[in-house]
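Read off the chains here:
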Amino acid sequence: MKYIGEPITRVDGHEKVTGQAKYAAEFNVPDLAYGVVVSSTITKGRIIRLDTSRALAVNGVIAVFTHENRPKTAWFDVSYKDQDAPPGSPFRPLYDNEIKYNGQPVALVVAETFELARYAAMLVDVAYEATPCDTDLLKHLDAVRDPNPGVMNIFKPLPPKPRGDADQAFAEAPVQQSAQYIHGMQHHNPMEMFASTVEYGKNGFLTIYDKTQGVTNSLLYVTQAFNIPFNQVRVVSPYVGGAFGSGLRPQYQLFLAVMAARDLKRSVRVSLTRQQMWSFGHRPATVQNVRLGARPDGTLTSITHEAMAATSQFEDYMETVVNWTGKLYPSENATLRYKIKSLDLYTPLDMRAPGGVTGLHAIESAVDELAYKLGMDPLDFRLKNYTERDWTEKDKPFSSKELRECFRQGAERFGWATRNPEPRSMQRGHNLIGWGMATGIWDAAQVPARAEATLTVNGKLRVRSATADIGTGTYTIMTQIAADTLGMPIDDVVFRLGDTTMPPAPIQGGSWTASTVGSAVKSACDALAKTLFRMAKRLPKSPFVGVGFDDVQFIDGAIQLRQNPSKRVSLLEVVSRNRGRAVTETATSIPNLIKHNSHSRNAHAAAFVEVQVDEEFGTVHVTRAVTAVAAGRILNPRTARSQIIGGMVWGISHALQEESVMDHRYGRFMNHDLAEYHIPVCADIHDLDVVFVEENDTIVNPLGVKGVGEIGLVAMPAAIANAIFHATGKRIYDLPIQLDKVM
Amino acid sequence: MHPFSYARPTEVTEAVHELAGPARAKFIAGGTNLLDLMKVNVEQPNRLIDINRLPLNTIDELDNGGLRLGALVTNADTAYHPLVEQRYPLLSQAILSAASAQLRNMATNGGNLFQRTRCYYFYDTAMPCNKRQMHHSDQITGTGPAGCGALGGYNRIHAILGTEASDGTVHCIATHPSDMAVALTALDATIHVTGPNGDRTVPIGNLHRLPGSEPQFDHTLRPDELVTAIELPPQGFPDHYTYLKLRDRSSYAFALVSVAVGLEMDGDVVTNARLALGGVAHKPWRKPEAEQLLIGRTATREHFQPVAEALLEGAVGYGHNTFKIDLAKRAIVRALGMAINKEKREEGE
Ligand SMILES: Cc1cc2nc3c(=O)[nH]c(=O)nc-3n(C[C@H](O)[C@H](O)[C@H](O)COP(=O)(O)OP(=O)(O)OC[C@H]3O[C@@H](n4cnc5c(N)ncnc54)[C@H](O)[C@@H]3O)c2cc1C
Ligand code: SF4
């Protein structure tokens with residue numbers, strides 16, 4: 001293999017930095033009208049009067065859509081369900097006069113220019129009758145309930161049944177640890193705001209440029225909600241300016257843009273503002289209680305980890321928060337619980353490492369605190385309670401688990417062995433220094449996908465699949481896989497994605513794209529290779545008469561006999577004998593369920609962090625961090641490292657800065673712009689180091705890859721909180737750890 | 001965003017005349033604050049008077065040894081000007097702690113003084129805010145002040161000093177967000193203003209105001225006045241100064257608390273002291289009585305604490321921001337130490 005495993009630079013890099021890569025709101029189509037959304041200013045209640053006359057009076061305003069005049073859309077809930085919809089009744093934009101959450105769209109103003117639409121949106125008069133709202137999870141911890149699991153449960157399992165008797169074991173445990181961890185809400189806030197450009201074509205054919213993590217999902221949603229045949233819509237999304245999960249579900253601008261375009265029989269674009277990026281899915285607020293019991297030798301004897309999270313009044317969003325604890329720690333007595341509470345909010349939505357970053361912060365902080373009570377090094381404690389089997393999944397073995405090696409190599413790179421465990425034992429000038437560590441774990445999933453590979457008449461390889469590249473490097477690694485499978489120079493290979501005319505792929509999330517689409521690309525290229533070989537055998541004077549497929553290899557743009565490289569036929573020659581036609585093969589990759597069902601499949605990581613704390617002011621800097629990752633085969637160390645570094649930065653953000661703060665009197669997010677919603681800036685990021693631990697996995701998928709989108713993030717918050725303890729002697733349980741909590 | 005007309009005068013008199021014209025006209029300089037506020041409908045001028053062509057973009061030495069900073073010189077050009085760096089490093093440091101390089105390249109000295117509070121409720125027209133709606137009327141709450149959303153709401157970034165009106169009531173707990181203005185306050189700058197009635201000067205301490213019962217007014221200029229320049233007096237405290245800014249991330253964030261210090265020393269003894277606080281009040285906070293406590297004292301920590309206590313006298317927390325009282329005191333003590341000792345200054349926070 002020539003390209004897989006090599007640090008190939010991004011194949012789409014040039015297009016991106018030169019501005020040639022187009023995003024949803026940048027497709028300019030003729031005769032475009034612009035829609036601006038008017039958002040609800042109350043959280044709960046009814047619209048009692050909606051006066052659009054002043055807006056309509058503005059010269060250049062084409063229409064104002066509201067619940068009173070909107071065109072008819074589908075009747076049943078099921079028509080509004082997208083591929084990532086949790087159980088419940090999906091939100092329907094402009095459906096009726098009821099307000100379910102703050103920021104809900106209440107009108108769409110469509111005008112000849114964006115500026116006019118924005119001005120007229122100001123002139124829409126909405127009178128509400130507000131009723132008191134409930135948005136504060138902390139006030140309802142006694143009223144939580146079990147979620148309705150629904151079908152997504154396959155990917156987000158509910159907690160396993162308890163084993164043993166955690167309560168009794170805790171009561172009897174000589175060493176005990178218990179604490180509560182509180183997380184606020186967060187919003188994804190990718191750089192690119194949500195937008196849809198709907199091109200209204202001949203006979204009402206719609207070409208939709210949408211910001212999404214899955215064009216197929218947008219297509220399904222639009223065709224169902226508006227009852228349009230599949231062949232009347234095409235969804236295109238070649239580039240996504242970040243999404244982090246926010247594009248897993250179609251957002252309301254898509255619905256509104258399609259509605260307006262169909263009604264006006266005209267192309268329409270709707271873009272949301274940065275403030276409106278706080279008006280849909282988010283990472284939910286969560287409260288967790290962790291109780292651990294151990295014997296003096298460090299053996300965990302009791303685990304109770306319960307999480308309570310907020311959801312909307314209309315859908316039961318859930319994420320996997322507590323199961324990770326069971327996968328990491330093999331206590332004989334364990335109870336894992338996950339409960340939710342419906343509040344007057346929009347439905348939460350998966351946000352990078354959903355549930356994982358939340359749950360692992362709690363358990364990995366608790367484990368650190370317990371290790372201190374036991375007088376053990378936190379790393380030794382983890383080794384003592386290491387497991388090779390996953391009791392949360394019928395005690396299956398892991399398909400591979402090089403976590404021990406992550407601990408060893410990470411600790412070595414960081415210099416953990418020289419650590420003095422005593423809190424407040426290290427100083428630099430007037431600052432306290434602390435070292436902390438934590439474990440990370442994430443799923444290694446694969447789902448079915450389809451891809452198509454074509455050898456063009458010019459001897460170039462074109463591969464397509466309707467997946468997405470949210471900035472992770474999908475374009476690049478798929479190109480590498482295709483090039484290697486057919487032994488072609490990478491410059492002769494082009495991979496395309498993000499178009500519903502391509503073979504379908506699932507939404508891009510859960511770190512499964514590399515394994516899922518990668519397997520499909522490999523299958524399609526394998527199929528193409530077989531076809532090309534068959535054609536080569538039929539060539540006049542073919543050197544391959546009587547030769548089997550396994551006897552040849554694809555190398556340097558040619559097929560050649562393994563035993564005798566002088567016997568070769570170039571791919572160009574093969575295709576040139578195809579009467580001027582390209583050669584195409586399509587294949588579907590399906591996970592090997594027999595292998596999958598007998599194993600638990602996860603990526604692992606260990607994070608080691610140094611913090612510098614100015615105790616007087618409470619300011620914390622992560623001055624150094626090492627993350628060691630075991631995630632199967634690393635297809636491209638450059639893009640993979642970038643994913644891990646990005647995850648680590650996010651971990652710093654999650655631990656120290658990020659929170660959407662709501663004023664619960666109003667049910668409204670108050671810091672809804674990027675000046676006040678803090679994420680790290682360059683000055684917050686210092687020395688970040690990544691170690692990829694070798695891991696050979698023949699179970700997860702034919703490529704042996706596990707995905708690296710979330711594993712770099714999950715261990716960081718606990719490692720940082722633990723380092724702050726080591727620096728200051730202070731345990732801080734609630735995130736984000738802003739300076740007032742430390743000072 | 002409200003439609004507006006646009007003018008771009010080249011003479012100061014013309015600009016002032018334009019402003020006196022139709023109702024709701026506004027000057028625009030770098031636009032880094034005004035445009036943001038227009039996009040969220042907080043500011044709705046009918047007319048924008050672009051002052052970027054006015055001849056107010058130079059930095060000039062004055063006969064008395066001071067410096068005159070044109071209102072249209074950018075924050076970046078001011079901070080990196082050799083004379084400012086040499087004589088008023090406190091000002092350079094304060095400006096460079098603010099916003100981002102891109103914003104400082106656009107932001108002007110005049111605009112910086114009149115940037116508006118970052119109070120979340122002020123920025124969101126769906127929320128009640130006395131500063132925006134002192135005289136509002138709607139069917140539900142009737143006419144009069146809309147109330148202050150931040151009081152009893154989320155007020156992490158809000159004021160702890162000077163919030164009460166003379167009758168003890170509180171109408172607004174917003175802070176003035178400028179870092180530059182805090183340094184200018186410590187430096188005792190003078191603001192040059194022109195208007196229909198001619199030119200006048202305003203000491204920086206009188207430019208901004210406390211909210212009292214009229215929080216709709218940020219400052220004391222008349223609506224038709226233009227700032228032409230900022231004058232720095234000769235004393236710039238180049239030897240003993242610091243600008244210490246504490247915030248929720250290392251850069252590109254407004255101050256939770258900031259401290260500007262300028263000292264003159266005779267050996268170990270303080271002979272002249274200036275201190276101003278940012279992030280704590282509706283204007284940069286200065287208290288000459290507190291500064292007096294340092295004069296003639298040796299520069300040691302036990303002499304700093306009383307200064308901190310004096311500056312924070314009467315401070316009130318409103319919940320989320322209560323930590324600022326302690327934080328400000330600690331910051332004052334640290335900043336004084338940093339100002340005296342160059343190594344400490346470089347060590348920073
Ligand atoms: C994300 C972000 C972060 C920031 N962080 C900081 C920070 O940390 N610290 C900080 O101090 N600042 C910060 N700023 C604010 C920035 O410093 C101000 O926006 C800038 O200084 C305003 O200058 P301007 O020339 O762009 O003003 P404009 O936006 O053009 O004008 C602002 C106001 O001043 C008036 N005005 C302008 N010039 C004059 C004049 N000559 N006479 C009379 N009135 C005039 C205008 O009419 C308007 O009302 C930040 C801004 C942003 C957007
Ligand atoms: S603090 Fe001032 S600016 Fe903020 S809501 Fe209250 S009145 Fe308005």
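Quantities reported herein were computed from a predicted structural model and do not represent experimental measurements.

Calculation criteria
- Residues numbered from 1 in each chain as written.
- Chains lettered and ligands numbered in written order.
- Predicted model: local features only at pLDDT ≥ 70, side-chain atom pairs only at ≥ 80, totals over all residues.
- Heavy atoms only, no water.
- Helix = DSSP H or I, 4+ residues; strand = E, 2+ residues; numbered from the N terminus.
- Rg over C-alpha atoms; globule rule 2.2 N^0.38 Å.
- Buried < 20%, exposed > 50% of the residue type's maximum accessible area, 1.4 Å probe, protein only.
- Contact = heavy atoms within 4.5 Å.
- Areas by Shrake-Rupley, 256 points an atom, 1.4 Å probe, with all protein chains shown as cover.
- Pairing = 2+ DSSP bridges.
- Axes fitted to C-alpha atoms, helices over the stretch in contact; angles between N-to-C directions.
- Domains from an automatic or database assignment.
- Buried area = accessible area lost by both parts, 1.4 Å probe.
- Salt bridge = Lys/Arg side-chain N within 4 Å of Asp/Glu carboxyl O.
- Polar contact = N/O pair within 3.5 Å; in protein donor to acceptor, adjacent residues only side chain to side chain.
- Nonpolar A, V, L, I, M, F, W, Y, C, P; charged D, E, K, R; others polar.
- Near = heavy atom within 4 Å.
- Core = buried A, V, L, I, M, F, W, Y, C linked by side-chain atoms within 4.5 Å.
- Parallel < 35°, antiparallel > 145°, perpendicular 65-115°, else oblique.
- Left-handed = near helix turned anticlockwise from the far one by under 90°.
- Patch = residues over 30% accessible without salt bridge, like charges linked within 9 Å, V, L, I, M, F, W, Y side chains within 5 Å.
- UniProt positions renumbered as here; feature names shortened; annotations may be inferred.

### Overview of the overall build of chain B
Next, step 1: Counting secondary structure elements, chain B contains 14 helices and 13 strands.
Next, step 2: Over its C-alpha atoms chain B spans a radius of gyration of 20 Å, differing by no more than 12% from the 20 Å that the globule rule assigns to 349 residues.
Next, step 3: Seen through its C-alpha atoms, chain B measures out along the principal axes to roughly 60 × 50 × 35 Å.
Next, step 4: The buried share of chain B, taken over its 349 residues, is 59%.

### A few points about the overall build of chain A
Next, step 1: Helix and strand counts for chain A stand at 18 helices and 30 strands.
Next, step 2: For 743 residues, the compact-globule formula gives about 27 Å, and the C-alpha radius of gyration of chain A, at 27 Å, lands near that figure.
Next, step 3: The buried share of chain A, reckoned over its 743 residues, is 65%.
Next, step 4: The contacts of chain A with a sequence gap of at least 6 include a subset with a gap of at least 24, amounting to 81%.
Next, step 5: When the accessible surface of chain A is split by element, carbon and sulfur atoms take 51% of a total near 26,600 Å².

### Examining the sheet that holds strand β7 (residues 175-183) of chain A
All names here are of chain A.
Next, step 1: If you trace the 4 strands from one edge of the open sheet to the other, you get β7-β12-β13-β14, paired in mixed fashion. The open sheet has two edge strands, β7 and β14 (333-342), and neither has a second partner. On average, each strand axis in the sheet is inclined to that of its neighbour by 5°, with strand direction left out of account.
Next, step 2: By the bridge criterion, 9 bridges tie β7 to strand β12 (residues 286-294) in an arrangement that is antiparallel. Directly across from A179, in β12, lies its bridge partner V290.
Next, step 3: Helix α8 (residues 356-374) contacts β7, β12 and β13 (300-311) of the sheet and is inclined by roughly 150° relative to β7.

### Some points on the domain arrangement of chain A
Residue and element names in this part refer to chain A.
Next, step 1: Splitting chain A by domain gives domain 1 (24-132 + 197-243 + 247-279), domain 2 (140-186 + 282-445 + 597-742) and domain 3 (447-590).
Next, step 2: Distance between the C-alpha centres of domain 2 and domain 3: 40 Å.
Next, step 3: Facing the 16 residues of domain 2 at the interface are 18 residues of domain 3.
Next, step 4: Interface area for domain 2 against domain 3, summed over the two sides, is near 1,300 Å², with a carbon-plus-sulfur share of 62%.
Next, step 5: Area buried by domain 2 at its contact with domain 3 is led by A445, L635 and L703, which between them contribute 38% of it.
Next, step 6: Between the two partners, domain 2 and domain 3, sit 0 salt bridges.
Next, step 7: Taken together, domain 2 and domain 3 are joined by 3 residue pairs in polar contact (both at pLDDT 80 or more).
Next, step 8: Grouping the constituent residues of the side of domain 2 that touches domain 3 by class yields 8 nonpolar, 6 polar and 2 charged.

### Side note on the pairing of strand β8 (residues 190-195) of chain B
Residues and elements named next belong to chain B.
Next, step 1: Counting buried positions along β8 yields 5 of 6 residues, so the element is predominantly enclosed.
Next, step 2: As defined by bridge partners, β8 adjoins strand β9 (residues 198-203) across 6 bridges and the pair is classed as antiparallel. Within the sheet, the bridge partner assigned to G195 lies in β9 and is G198.
Next, step 3: The hairpin formed by β8 and β9 contains 2 residues between the paired strands.

### As for the sheet that holds strand β25 (residues 583-589) of chain A
Residue and element names in this part refer to chain A.
Next, step 1: What the 4 strands build is an open sheet, ordered β21-β20-β19-β25; its pairing is mixed. Of all strands in the sheet, those with a lone pairing partner are β21 (493-497) and β25, marking the two edges. Mean inter-strand twist for the sheet, computed between neighbouring axes without regard to direction, equals 20°.
Next, step 2: Sheet topology note: the strand β19 (residues 449-455)/strand β20 (residues 461-465) ladder contains 4 bridges and is antiparallel. Across the sheet, residue A453 finds its bridge partner in β20, namely V463.
Next, step 3: On the sheet, helix α11 (residues 474-485) packs against β20 and β21 and is oriented at approximately 135° with respect to β21.
Next, step 4: Where helix α12 (residues 513-537) meets the sheet, its contacts fall on β19, β20, β21 and β25, and the angle it forms with β25 comes to roughly 140°.

### Considerations on the site of ligand 1
Next, step 1: In the neighbourhood of ligand 1, 33 residues make up the surrounding shell, with B:F27, B:G31, B:T32, B:T108 and B:D179 lying closest.
Next, step 2: Bordering ligand 1 are residues originating from chains A and B.
Next, step 3: Take B:G111: an N or O atom from its main chain is 3.5 Å from a nitrogen atom of ligand 1.
Next, step 4: Against a free-state accessible area of 980 Å², the protein chains account for coverage of 95% of ligand 1.
Next, step 5: Residue assignment for the shell around ligand 1 shows that the elements contributing at least two residues are β2 (25-28), α2 (34-39), α7 (109-113) and β10 (226-232) of chain B.
Next, step 6: A per-class count over the shell around ligand 1 returns 18 nonpolar, 11 polar and 4 charged.

### Some points on the interface of chain B and chain A
Next, step 1: In this assembly, 43 residues from chain B lie in contact with 36 residues from chain A.
Next, step 2: For the pairing of chain B and chain A, the buried interface totals around 3,400 Å² over both sides, and the portion due to carbon and sulfur atoms is 57%.
Next, step 3: The three residues of chain B that bury the most area against chain A are B:R249, B:R330 and B:R334, which together make up 18% of that side's buried surface.
Next, step 4: The interface formed by chain B and chain A contains 14 residue pairs in polar contact (both at pLDDT 80 or more).
Next, step 5: The set of elements that each furnish at least two residues to the side of chain B that touches chain A consists of α8 (120-123), β11 (240-246) and α13 (323-340) of chain B.
Next, step 6: Looking at which element gives the most residues to the side of chain B that touches chain A, the answer is α13(B), with 6 residues.
Next, step 7: A breakdown of the residues in the side of chain B that touches chain A according to their chemical character gives 20 nonpolar, 10 polar and 13 charged.

### Notes on the nonpolar core
Next, step 1: A:I208, A:L292, A:V609, A:V611, A:L656, A:I711 and A:I720 are the most contacted members of the largest nonpolar core, which totals 151 residues.
Next, step 2: Inspection of this core shows a minimum of three residues originating in each of domain 1 (24-132 + 197-243 + 247-279) and domain 2 (140-186 + 282-445 + 597-742) of chain A.
Next, step 3: The next biggest cluster of nonpolar side chains, apart from the first, holds 57 residues, and it includes B:M127, B:V261, B:L263 and B:L277.

### Overview of the site of ligand 2
Next, step 1: Taken together, 15 residues sit near ligand 2, with B:C119, B:C129, B:C148, B:C172 and B:I173 positioned nearest.
Next, step 2: When the residues that make up the shell around ligand 2 are grouped by side-chain class, the tally is 10 nonpolar, 4 polar and 1 charged.

### Notes on the packing of α11(A) against α12(A)
All names here are of chain A.
Next, step 1: Contact pair α11 / α12: the axes reach a minimum separation of 9 Å and the direction vectors enclose 30°. As far as their axial angle goes, α12 and α11 are roughly parallel. Between α11 and α12 lies a crossing of right-handed hand. Facing α11, whose interface residues are T474, I477, M478, I481, A482 and T485, α12 presents T513, A514, V517, G518, V521, K522, C525 and D526.

### Considerations on the packing of helix α15 (residues 637-656) of chain A against helix α17 (residues 716-728) of chain A
All names here are of chain A.
Next, step 1: Put simply, α15 and α17 touch, their axes get as near as 8 Å, and they point 55° apart. The angle between the axes of α15 and α17 places the two elements in the oblique class. The handedness of the crossing between α15 and α17 is right-handed. Contacts between α15 and α17 pair M648, G651, I652, H654, A655 and L656 from the former with M716, P717, I720 and I724 from the latter.
Next, step 2: Residue classes in the contact of α15 with α17 are distributed as 8 nonpolar, 2 polar and no charged.

### Some details on a nonpolar patch on the surface
All names here are of chain A.
Next, step 1: Taken together, the side chains of W75, F76 and V78 define a hydrophobic patch exposed on the protein surface, amounting to about 410 Å² of accessible area.
Next, step 2: On the secondary structure map, W75 appears in the loop between β3 (61-66) and β4 (98-99).
Next, step 3: Residue W75 is classed as exposed on the basis of its relative accessible area of 65%.

### Here we look at the pairing of strand β13 (residues 269-278) of chain B
All names here are of chain B.
Next, step 1: For β13, the tally of buried residues reaches 7 of 10 residues, placing the bulk of the element in the interior.
Next, step 2: Pairing of strand β12 (residues 257-266) with β13 involves 9 bridges; the strand directions are antiparallel. Within β13, the residue paired with E264 across the bridge is N272.
Next, step 3: Two successive antiparallel strands, β12 and β13, enclose a turn made up of 2 residues, where G267 displays a positive phi of approximately 65°.

### Brief notes about the UniProt feature "domain: Aldehyde oxidase/xanthine dehydrogenase a/b hammerhead" (unreviewed entry) in chain A
Next, step 1: The UniProt record marks residues 18-132 of chain A with the feature "domain: Aldehyde oxidase/xanthine dehydrogenase a/b hammerhead" (unreviewed entry), using the residue numbering of this structure.
Next, step 2: Structurally, residues 18-132 of chain A comprises 11% helix and 30% strand, and the distance from its first C-alpha atom to its last is 50 Å.

### As for the pattern of salt bridges
Residue and element names in this part refer to chain A.
Next, step 1: For the coordinates displayed, the defined rule picks out 56 salt bridges over all chains.
Next, step 2: In this structure, the salt-bridge partner of D316 is R145, at a minimum N-O distance of 2.8 Å. Here the residue D316 occupies a position in the loop between β13 and α7 (323-328), and R145 occupies one in the loop between β6 (125-130) and α4 (166-172), the gap between them amounting to 171 residues.
Next, step 3: A residue is classified by how much of its surface remains accessible, and D316, at 10% relative accessible area, is buried.

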